[in-house]
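Coordinate analysis (summary)
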Number of protein chains: 2
Amino acid sequence: MWAHKYNNNVRSNMSIQKKTTIQDIARHANVSVGTVDRVLHNRGSVMPEKKQRVEEAIKKLNYNPNALASTLAFKKQLLISALIPEATSFDGYWSLPKKGIELGVEKFKDFGLNLALQEFNLYDVSSFVKAAEAVLASNCQGVILAPIFKKESIDFIEKLEEKEISYVFIDLTIRNQNFLSYIGPHLKSSGLVAGKLFDSILNQNEELLVLNMRKEVENHSNVGIIEEGFRNYFEFNKGPKNRTIHTLNLNSMSKERVSGELKAFYKSHPNIKGVFVTNSRAHIAADFHRKMKLDIKIIGFDLVNKNIDSVKNGAIDFLISQRPVFQGTTAVETFFNHFIYKKNPEKVQNVPLDIVIKENIDFYLHANN
Amino acid sequence: MWAHKYNNNVRSNMSIQKKTTIQDIARHANVSVGTVDRVLHNRGSVMPEKKQRVEEAIKKLNYNPNALASTLAFKKQLLISALIPEATSFDGYWSLPKKGIELGVEKFKDFGLNLALQEFNLYDVSSFVKAAEAVLASNCQGVILAPIFKKESIDFIEKLEEKEISYVFIDLTIRNQNFLSYIGPHLKSSGLVAGKLFDSILNQNEELLVLNMRKEVENHSNVGIIEEGFRNYFEFNKGPKNRTIHTLNLNSMSKERVSGELKAFYKSHPNIKGVFVTNSRAHIAADFHRKMKLDIKIIGFDLVNKNIDSVKNGAIDFLISQRPVFQGTTAVETFFNHFIYKKNPEKVQNVPLDIVIKENIDFYLHANN
DNA sequence: ATTATATTTGTGTGCCCACACAAATATATA
DNA sequence: TATATATTTGTGTGGGCACACAAATATAAT
């Protein structure tokens, strides 16, 4: 027994069937729409028999609420805060998640979703603390958080939990049980991918360098995991070629410093044919290689402008991109689904690790990855 | 002079501002909502001066229609047909675009979007013709078309144009001026990517084989472009290593036939260390290599189940994936934007060419790529 | 000026749902 | 039995927009 209804706006077309509404349910169960509403939201009290009739009708007519009408009627607005670093001239990465967040908000603004963007300085803890306070003062319902500063983030999260504000981590995470979702890369796999690529493109006895460039203040636990994954690859895939892997930690990002240190290092290690840069600053090494006409391969992270240029001019061989824009839209979408559709997200939402080369980079730039 | 309005549902929060409505416009321009409506849709006639007042108010108050309320009031339903091959046991590729289309429809069903799926047999032209007739009989407003059969597709398109039904191409295209959009890969770049990868991972004097496997009936103009891109790479990047590239065309996909032909070919060409399979059947060659313990690299296309297995067991080194699921959702979204928001899409929407290896494949499987 | 016709404008209804409130019914208390 | 209280149910309104129709005004023809 079927309960089909054909739309008569379009000339009798089998494949267009109107969605059933609460009105339909009410008629079918011989109650008022108010009662149907009460059953749907288990609000108020309904006689057991009527409740059953309604539930049967819902099943039979395959009722699904119209999210449009629902949000239109549900007047409450939804405010999401985003607490992320601001993009700087020498590190434009965070412009990408930001773009994603803004795209997501744009998409859902008709649904009453609003954004309060709070950016902080990647190298200034106090700016984070200040921004966090602004978020706490804003009485928003959800927070998108990039927990760059571990200790301060944990303090912040505690206050969020007191106020029962839910939060998602974006791009990086800290061990913590109560976040709604983590949206970002699987760091260890990032290292594995780089390892596999280098192992494929290098010859037998060529050596590798892991290059960590960072400022003192930065939380570098992530970088550690990436390097761990990278080294793991070669441990588990030893095979005939037993590669030597060196590590160089630099506390500077200045062109001159890096160039100098690399020059010295290469001199004492002439067999190095590949450099794995564990953050988005591969272009610094790339520029040096290009200037010195060194035939050393580079693999790095992230489609920031200077890296893009280096891929296009051949100085960087592979970039691993972790869908920064997509991370942003996903974070917003996660909250939307959580609050509007009451669907709880997966705890960990790992983004694909895109392998970008000169030949496919344009498509990544154009799409909102 | 600003015209802000703060929502008072949420305790006075600066960042939540109600969207302006046609009511606001009407008040501001001192006309009725009917007149505003007329201006917005240039329906009916409006006195020039009032029209101007309304247009000014729209600009000043930064009015954007609420798509929710709009579609809720706009009762017309939208029917989209999808004319794509059905997935078969030995070629599951088309289950992925189909999944994407269904996801897209699911997402927009509240907006009155309906789908009429018409699948045809990849190896049976007559099934395509029949499905195309069904589409023409369905009086839909848009068609998602996979133009596998060139001649028949052109015939079909002619009839669509007579009936003024717009259509998009998905996954592959044919030269034609009137399609609304093409959503799919840039074929030549697919070849370039494969070329670059092989050039990186192979040694100096190792040779390459381009393996085309197809049934007679298939439209193979695409495969030609891919191979062209592949060979182009080596022409434009000759460098020191001048590679020899062979081509083997097989009119069969049977395990036995392929194995036999490959065996013979490798015997007469012992220097071949890489095979580029120009469609989704790389797993056939992979199984053969694995059985014979041959150390020959394989690059192929598409995340179909058997290819996935081969990547995981190491028999396929690289897969190039062209976001089949995303293609489907994008096609639906394109029509949605076209009909609901009246936004015309870009004529060509190229999807990224994802490079998939053992180390990152899981993330591609989990995401809806 | 008077009627007929064309143009312009305003009002009302429905789309589907959420929620407040009133009405109706049932149960408890005096 | 009458009154107070609790439980259950129905109706109405609003959210922003599209569209039909009626009302108002302007223009033409007599």
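This is a predicted model, so every value here is computed, not measured.

Next up on the list: the domain arrangement of chain A. Splitting chain A by domain gives domain 1 (8-73), domain 2 (77-184 + 324-351) and domain 3 (187-321). If you average the C-alpha positions of domain 1 of chain A and of domain 2 of chain A, the two centres end up 36 Å apart.

What follows covers the side chain of Asn-360 of chain A. If you trace the backbone, Asn-360 of chain A turns up in the loop between strand 12 (354-356) and helix 14 (361-366). Within the structure, the side chain of Asn-360 of chain A is placed 3.2 Å from the backbone oxygen of Ile-355 of chain A, a separation counted as a polar contact. At a separation of 3.0 Å, a polar atom in the side chain of Asn-360 of chain A contacts the main-chain carbonyl oxygen of Leu-353 of chain B. Apart from the residues within four sequence positions on either side, Asn-360 of chain A is in contact with Ile-355 of chain A together with Val-193, Leu-353 and Ile-355 of chain B.

Once that is clear, we can look at the interface of chain B and chain A. Residue-level contacts link 56 residues of chain B with 56 residues of chain A. Between chain B and chain A, roughly 4,600 Å² of surface is buried when both sides are summed, and carbon and sulfur atoms account for 58% of that area. Ranking the residues of chain B by area buried against chain A places Leu-68, Asp-110 and Phe-363 of chain B at the top, with a combined share of 15%. Taken together, chain B and chain A are joined by six salt bridges. For the salt bridge of Arg-323 of chain B with Asp-354 of chain A, the shortest nitrogen-to-oxygen distance reads 3.8 Å. Run the count over chain B and chain A and you get 14 residue pairs in polar contact (both at pLDDT 80 or more). When contributions to the side of chain B that touches chain A are tallied by element, the ones reaching two or more residues are helix 4 (67-73), strand 2 (113-120), helix 8 (187-201), strand 12 (354-356) and helix 14 (361-366) of chain B. Per-element accounting of the side of chain B that touches chain A gives the leading share, seven residues, to helix 8 of chain B.

Between two packed helices, both the angle of their axes relative to each other and the distance between the axes serve to describe the pair. Residue and element names in this part refer to chain B. Where helix 10 (residues 255-268) contacts helix 11 (residues 282-292), the two axes come as close as 10 Å, and the packing angle between them is 60°. Here helix 10 is positioned oblique relative to helix 11, judged by the angle of their axes. Helix-helix and strand crossings are classified by hand; for helix 10 and helix 11 the assignment is right-handed. The segment helix 10 lies against helix 11, with Lys-255, Val-258, Ser-259, Leu-262, Lys-263 and Tyr-266 engaging Ile-284, Ala-285, Asp-287, Phe-288, His-289 and Met-292. Of the residues contributing to the contact of helix 10 with helix 11, the split by class is seven nonpolar, two polar and three charged.

Moving on to the environment of Met-213 of chain B. All names here are of chain B. Following the sequence through the fold, Met-213 ends up in strand 6 (residues 207-213). Given the relative accessible area of 1%, Met-213 is considered buried. The sequence separation of Met-213 and Leu-79 amounts to 134 residues, and the corresponding C-alpha distance is 37 Å. Among residues more than four places away in sequence, those in contact with Met-213 are Leu-250, Ser-252, Met-253, Val-258, Val-277, Asn-279, Arg-281 and Ile-284.

This brings us to the protein's contact with DNA strand D. Taken together, 26 residues surround DNA strand D, and among them Arg-38, Ser-45 and Met-47 of chain A together with Ile-22 and Tyr-63 of chain B come closest. Considering the 4 Å shell around the protein, atoms of DNA strand D inside it are sugar or phosphate in 72% of instances. Between DNA strand D and the protein, one listed contact pairs a phosphate oxygen with a side-chain N or O atom of Ser-45 of chain A at 2.8 Å. Contact distances for DNA strand D include 3.3 Å between a phosphate oxygen and a side-chain N or O atom of Ser-70 of chain B. Of all elements in the fold, only helix 2 (33-40) and helix 4 (67-73) of chain A together with helix 4 of chain B reach the threshold of two or more residues within the surface near DNA strand D.

Residues and elements named next belong to chain A. Inspection of the entire model under this criterion finds 34 aromatic pairs over all chains. Pairwise contacts between aromatic rings join Phe-198, Phe-230, Tyr-233, Phe-234, Phe-276 and Phe-301 into one cluster. Directly above the ring of Phe-179 sits Lys-347, whose terminal nitrogen or CZ lies 4.5 Å from the centroid.

Here chain B sits on chain A after a turn of 180° about the axis and a move of 0.0 Å along it, with an RMSD of 0.2 Å. The transformation relating the two chain copies, once decomposed into turn and shift, fits a two-fold axis. The overlap is high: 100% of the interface residues of chain B also sit at the interface in chain A, so the same surface is used on both sides.

Rules and cut-offs
- Residues numbered from 1 in each chain as written.
- Chains lettered and ligands numbered in written order.
- Predicted model: local features only at pLDDT ≥ 70, side-chain atom pairs only at ≥ 80, totals over all residues.
- Heavy atoms only, no water.
- Domains from an automatic or database assignment.
- Helix = DSSP H or I, 4+ residues; strand = E, 2+ residues; numbered from the N terminus.
- Polar contact = N/O pair within 3.5 Å; in protein donor to acceptor, adjacent residues only side chain to side chain.
- Contact = heavy atoms within 4.5 Å.
- Buried area = accessible area lost by both parts, 1.4 Å probe.
- Salt bridge = Lys/Arg side-chain N within 4 Å of Asp/Glu carboxyl O.
- Axes fitted to C-alpha atoms, helices over the stretch in contact; angles between N-to-C directions.
- Parallel < 35°, antiparallel > 145°, perpendicular 65-115°, else oblique.
- Left-handed = near helix turned anticlockwise from the far one by under 90°.
- Nonpolar A, V, L, I, M, F, W, Y, C, P; charged D, E, K, R; others polar.
- Buried < 20%, exposed > 50% of the residue type's maximum accessible area, 1.4 Å probe, protein only.
- Near = heavy atom within 4 Å.
- Phe/Tyr/Trp six-rings, centres within 6.5 Å; stacked < 30°, edge-to-face > 60°.
- Lys NZ or Arg CZ within 6 Å of the ring centre and 35° of its normal.
- Least-squares fit on C-alpha atoms with pLDDT ≥ 70 in both.

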